[in-house]
Amino acid sequence: MKVAVVGAGPAGALLAYHLAGDGAAVTVFDASHPREKPCGGGLTGKAVALLPPAPPGDPLPVRWVEACRFESGTGEGVELRLDNPVAVGARREVDAWILRRAVEAGAAHRVERVVSVDASGAVRTAAGRSAAFDVVVGADGAGSLVRRTFLAPTPTARLTMAAGWFVPGASPMVVRFAPGLAGYMWLFPRRDHVGVGICAPLGSVPTRELMGRLEAEVARSFPAFTEVDAERYAHTIPSPSADPRSILELAGERWALVGDAAALADPITGEGIYYALRSAQVLAENLRDRASLSRYPEAALEGFGRDLLKAVVVRDRFYSPGFARRMIDYSARSHAVREVLADLVLGHQGYLGLKRRLLRAAPRFLWESAVSRIRPAA
């Protein structure tokens, strides 16, 4: 089987790694490496578990972070200790690392930009070269050419805007909610610098105003990371709708989409690396077991998609006025609630079972909350 993978980000590179290992003739087209993205660059334990094994001389290029401070944006904060550390890395380094594993497995990387694809499997590059493939996979990000060719661009209502910059230094990992923006800002410590960023639904506020909000928050609370001269970045993050068809449409007879091209990011947090890797894994398994794309969308929906659909439903409640303050306050008073929040951060707790988990934790929360109110008086 000849497979063209358009895009060498986490989804495209991991897919190429798996397919090449299964004996397929895989060509990855990407002229942009190495390149950075304005995302936190965090990989939870379940995301790291999907990565190829690290060779002895080429460890995963990340910083391991064991704690994260969550802040409401109105003064409340809580420190979460993470039982399983989060790996935080620069996207230019992590993406290149996964691509190296794919090439070692037998995939070919062509440093060329794809300018057209069609239903026959033909791929044409900006260099004027054309080739035919049995399968074409779009792993080419939020503005995916492959998606636009076979479907349509992800609707604006399903896009989140992320913006920020990178600055040398070290920092704790911080997530601060941004009241009035239905989003949050972050400081994510990488190996030799800090990723500073903010996100909110696209169109809810002009990008310049979003960046201004971030600059003001950082100048007020984290002046060491203001970095006036640092290059500013902005990027959209696509998510599914609440309709299962937004996932069931992700493949045709000879084409498929993965990662951001498939609009598979979490609509609440914007986290997309895990879903990029997971979609690549599911597609690779489908091609390995059936040599067909027909079951991939349904397998993606059942494997992880329904949790994303649930996130779409609860997003407005999550960002409703006062919710972040209450969540931080409850977490500060109750170890039970902190455990739930930490598991959400680590990806161990999905949205589908979240309400049941909170109900089970309620008696313990009430007891711990009562004790926390008594102790200061003692």
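Relevant structure appears above.
**Q** Please give an account of the packing of helix α1 (residues 10-21) against helix α7 (residues 273-290) that cites residues and values.
**A** Put simply, α1 and α7 touch, their axes get as near as 8 Å, and they point 30° apart. Relative to α7, α1 is oriented roughly parallel. At the point where α1 passes α7, the crossing takes the right-handed sense. For the pair α1 and α7, contact is made by Pro10, Ala11, Leu14, Leu15, His18 and Leu19 and by Ala276, Leu277, Ala280, Gln281, Leu283, Ala284, Leu287 and Arg288, respectively. Classifying every residue of the contact of α1 with α7 gives 11 nonpolar, 2 polar and 1 charged.

**Q** Explain the pattern of salt bridges to me, and be specific about the residues and the numbers.
**A** Summed over all chains, the structure comprises 22 salt bridges. Salt-bridge contacts for glutamate 112 lead to arginine 110; the nearest nitrogen and oxygen are separated by 3.1 Å. Judged by relative accessible area, glutamate 112 falls into the buried class, the value being 11%. Across the pair glutamate 249 and arginine 147 runs a salt bridge, and its minimum N-O distance is 3.5 Å.

**Q** Go over the packing of aromatic side chains, please, and point to the residues and values.
**A** Evaluated as defined, the whole model comprises 11 aromatic pairs. Considering the side-chain rings of phenylalanine 177 and tyrosine 319, the 6.4 Å spacing of their centres and the 65° angle between planes classify their relative orientation as edge-to-face. Separated by 142 residues along the polypeptide, phenylalanine 177 in strand β12 (residues 174-178) and tyrosine 319 in the loop between α8 (296-318) and α9 (323-333) bring together distant segments of the chain. Phenylalanine 177 sits in the buried class, given a relative accessible area of 7%. Assessed through its relative accessible area of 16%, tyrosine 319 is described here as buried. Seen in terms of ring centroids, tyrosine 275 and phenylalanine 304 are 6.0 Å apart; in terms of plane orientation they differ by 50°. Their pairing is tilted. Placement of tyrosine 275 in helix α7 and of phenylalanine 304 in helix α8 is noted, with a sequence separation of 29 residues between them. Taking the relative accessible area as the measure of exposure, tyrosine 275 reaches 6% and is therefore buried. The exposure class assigned to phenylalanine 304 is buried, which follows from its relative accessible area of 5%. Chaining the aromatic ring pairs together yields one cluster made of Phe177, Phe318, Tyr319 and Phe323. The residue whose ring lies beneath lysine 46 is tyrosine 274, and the NZ or CZ to ring-centre distance is 4.1 Å. In this arrangement the basic side chain of arginine 232 is found over the ring face of tryptophan 165, its NZ or CZ atom lying 4.0 Å from the centre.

**Q** Lay out unusual backbone geometry with the relevant residues and their values.
**A** One non-glycine residue, alanine 182, lies in the positive phi region at around 55°. Assignment of secondary structure puts alanine 182 in the loop between β12 and β13 (183-189). At alanine 263, a position not held by glycine, the phi torsion is positive, near 55°. Locating alanine 263 in the fold gives a position in the loop between β16 (255-257) and α7.

**Q** Summarise the pairing of strand β8 (residues 122-125); cite the residues concerned and give the values.
**A** Judged by which residues are buried, β8 turns out to be one-sided: Val123 and Thr125 face inward and are buried, whereas Ala122 and Arg124, on the alternate face, are not. Here 3 bridges tie strand β7 (residues 114-117) to β8, and the two strands are oriented antiparallel to one another. Paired with valine 114 across the two strands is threonine 125, which belongs to β8. Bridge count for β8 against strand β9 (residues 130-132) is 3 bridges, and the pairing is antiparallel. Its bridge partner lying in β9, valine 123 is registered against alanine 131. In sequence, β8 turns back onto β9 through a hairpin of 4 residues, with glycine 128 there showing a positive phi of about 90°.

**Q** Help me get a handle on the environment of arginine 254, residues and values and all.
**A** Inspection of the secondary structure assignment puts arginine 254 in the loop between α6 (245-248) and β16. Separated by 168 residues in sequence, arginine 254 and valine 86 have C-alpha atoms that sit 36 Å apart. Ignoring any residue separated from it by four or fewer positions in sequence, one finds arginine 254 in contact with Ala119, Ser120, Gly121, Phe133, Asp134, Val135, Val136 and Leu293. Within the local environment of arginine 254, its side chain forms a polar contact with the backbone oxygen of phenylalanine 133, the two atoms lying 2.7 Å apart.

**Q** How would you explain the packing of α9 against helix α10 (residues 335-346) if you had to name every residue and give the values?
**A** Axis separation between α9 and α10 bottoms out at 5 Å; the angle between their running directions is 125°. One finds that α9 runs oblique with respect to α10. Crossing geometry of α9 relative to α10 is assigned as left-handed. Where α9 approaches α10, its residues Met327, Tyr330, Ser331, Ala332 and Arg333 are matched on the opposing element by His335, Val337, Arg338 and Leu341. When its residues are assigned to classes, the contact of α9 with α10 shows 5 nonpolar, 2 polar and 2 charged.

Rules behind the numbers
- Residues numbered from 1 in each chain as written.
- Predicted model: local features only at pLDDT ≥ 70, side-chain atom pairs only at ≥ 80, totals over all residues.
- Heavy atoms only, no water.
- Axes fitted to C-alpha atoms, helices over the stretch in contact; angles between N-to-C directions.
- Helix = DSSP H or I, 4+ residues; strand = E, 2+ residues; numbered from the N terminus.
- Parallel < 35°, antiparallel > 145°, perpendicular 65-115°, else oblique.
- Left-handed = near helix turned anticlockwise from the far one by under 90°.
- Contact = heavy atoms within 4.5 Å.
- Nonpolar A, V, L, I, M, F, W, Y, C, P; charged D, E, K, R; others polar.
- Salt bridge = Lys/Arg side-chain N within 4 Å of Asp/Glu carboxyl O.
- Buried < 20%, exposed > 50% of the residue type's maximum accessible area, 1.4 Å probe, protein only.
- Phe/Tyr/Trp six-rings, centres within 6.5 Å; stacked < 30°, edge-to-face > 60°.
- Lys NZ or Arg CZ within 6 Å of the ring centre and 35° of its normal.
- Pairing = 2+ DSSP bridges.
- Polar contact = N/O pair within 3.5 Å; in protein donor to acceptor, adjacent residues only side chain to side chain.

The quantities given are spatial measurements derived from coordinates; they are silent on function.
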